[in-house]
Amino acid sequence: MAAGNAIRGTRVGSGPVRWAERGEQAPRSVVAYWCSNGHRTEPTFAAEITPPDTWDCPRCGQPAGRNEQAPPERPRAEPYKTHLAYVKERRTDADGEAILQEALARLRQRTGR
Ligand SMILES: [Zn+2]
């Protein structure tokens, strides 16, 4: 986990240096956020913008905060989409089961005659 963060930090951090060398871009500030899974992300903001207190982690979708020692609590419930997908999956399975049973019943009737 630590190695991944180091690699990510190096890559993200290299951007502002290039911009500074070119001297053509508007002033920017890089703000680090940490999520409850220990991911670090460094979105870049225009210098005149006040960075938000929280940022969605691009790696896991959890809210990330600016205090590494106290990241925001992860939401207790699973995301709605995941739950819906789960329900759909179950319903599809149930439909498939019903179709299978219907087919088997027809097959048995046919062989019974
Ligand atoms: Zn994360």
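Keep in mind that this is a model prediction, so the values were computed, not measured. Just so you know, the residues in each chain are numbered from 1, in the order the chain's sequence is written. Note on the predicted model: pLDDT of at least 70 is required for a residue's local features to be given, and 80 or more for side-chain atom pairs to be given and counted; whole-chain, interface and lining totals, by contrast, use all residues. To get the side-chain values, take all heavy atoms of the structure and skip hydrogens and water.

A. Just the overall build of the chain, in detail. Along the backbone of the chain there are two helices and six strands. Note on conventions: DSSP H or I runs of at least 4 residues are helices, E runs of at least 2 residues are strands, and numbering of each starts at the N terminus. Along its sequence from the N terminus, the chain presents helices and strands in the succession α-β-β-β-β-β-β-α. Among the 113 residues that make up the chain, the fraction classed as buried is 17%. Considering only contacts within the chain whose residues lie at least 6 apart along the sequence, 36% involve residues at least 24 apart. Per-residue accessibility, obtained with a 1.4 Å probe over protein chains only, is compared with the maximum for each type, and a residue is labelled buried under 20%, exposed over 50%, and partly exposed between these values. The contact criterion used is simple: two residues touch if any of their non-hydrogen atoms lie within 4.5 Å.

B. Just the UniProt feature "binding site: Zn(2+)" (unreviewed entry) in the chain, in detail. According to UniProt, the positions carrying the feature "binding site: Zn(2+)" (unreviewed entry) are C35, H39, C57 and C60. For the residues just named, distributed over 26 residues, the greatest C-alpha separation is only 8.6 Å, placing them together at one site. With respect to the secondary-structure elements, C35 resides in strand β2 (residues 33–35). With a relative accessible area of 2%, C35 lands in the buried category. UniProt positions are given in the numbering used here, feature names are shortened, and annotations may be inferred rather than shown by experiment.

C. A look at the coordination of the zinc ion. Here a donor is an N, O or S atom found within 2.8 Å of the metal, or within 3.2 Å if the metal is Na, K or Ca; sites may look incomplete because water is not among the atoms. Distances from the zinc ion to its protein donors, C35 (SG), H39 (ND1), C57 (SG) and C60 (SG), fall at 2.1 to 2.3 Å. Linear spacing of the donor residues for the zinc ion on their chain is C-x3-H-x17-C-x2-C. Taken together, the residues span a long stretch of sequence, with C35 in strand β2 and C57 in the loop between β5 (54–56) and β6 (63–65) at a distance of 22 residues. Given a relative accessible area of 5%, C57 falls into the buried group.

D. Seen up close, the environment of T54. Here T54 is to be found in strand β5. Using a relative accessible area of 46% as the deciding quantity, one classes T54 as partly exposed. In this view, T54 contacts Y33, A64 and P72; residues no more than four positions away in its chain are not counted.

E. Layout of the packing of aromatic side chains. Any Phe, Tyr or Trp ring, taking Trp's six-membered ring, that has another such ring centre within 6.5 Å forms a pair; planes under 30 degrees apart are called stacked, those over 60 apart edge-to-face, and the others tilted. All chains considered together, the criterion is met by two aromatic pairs. Between Y33 and W55, the aromatic rings sit 6.0 Å apart at their centres with planes inclined by 25°, giving stacked as the arrangement. Of this pair, Y33 sits in strand β2 while W55 sits in strand β5; the two residues are 22 residues apart in sequence, bridging distant segments of the chain. Residue classification places Y33 among the buried positions, given a relative accessible area of 0%. Classification of W55 by relative accessible area gives partly exposed; the value is 30%. With a centroid separation of 5.2 Å and an interplanar angle of 85°, the aromatic rings of F45 and W55 are classed as edge-to-face. Of the two residues, F45 sits in strand β4 (residues 44–46) while W55 sits in strand β5, which places them 10 residues apart along the sequence. On the basis of relative accessibility, which here comes to 8%, the residue F45 falls in the buried class.

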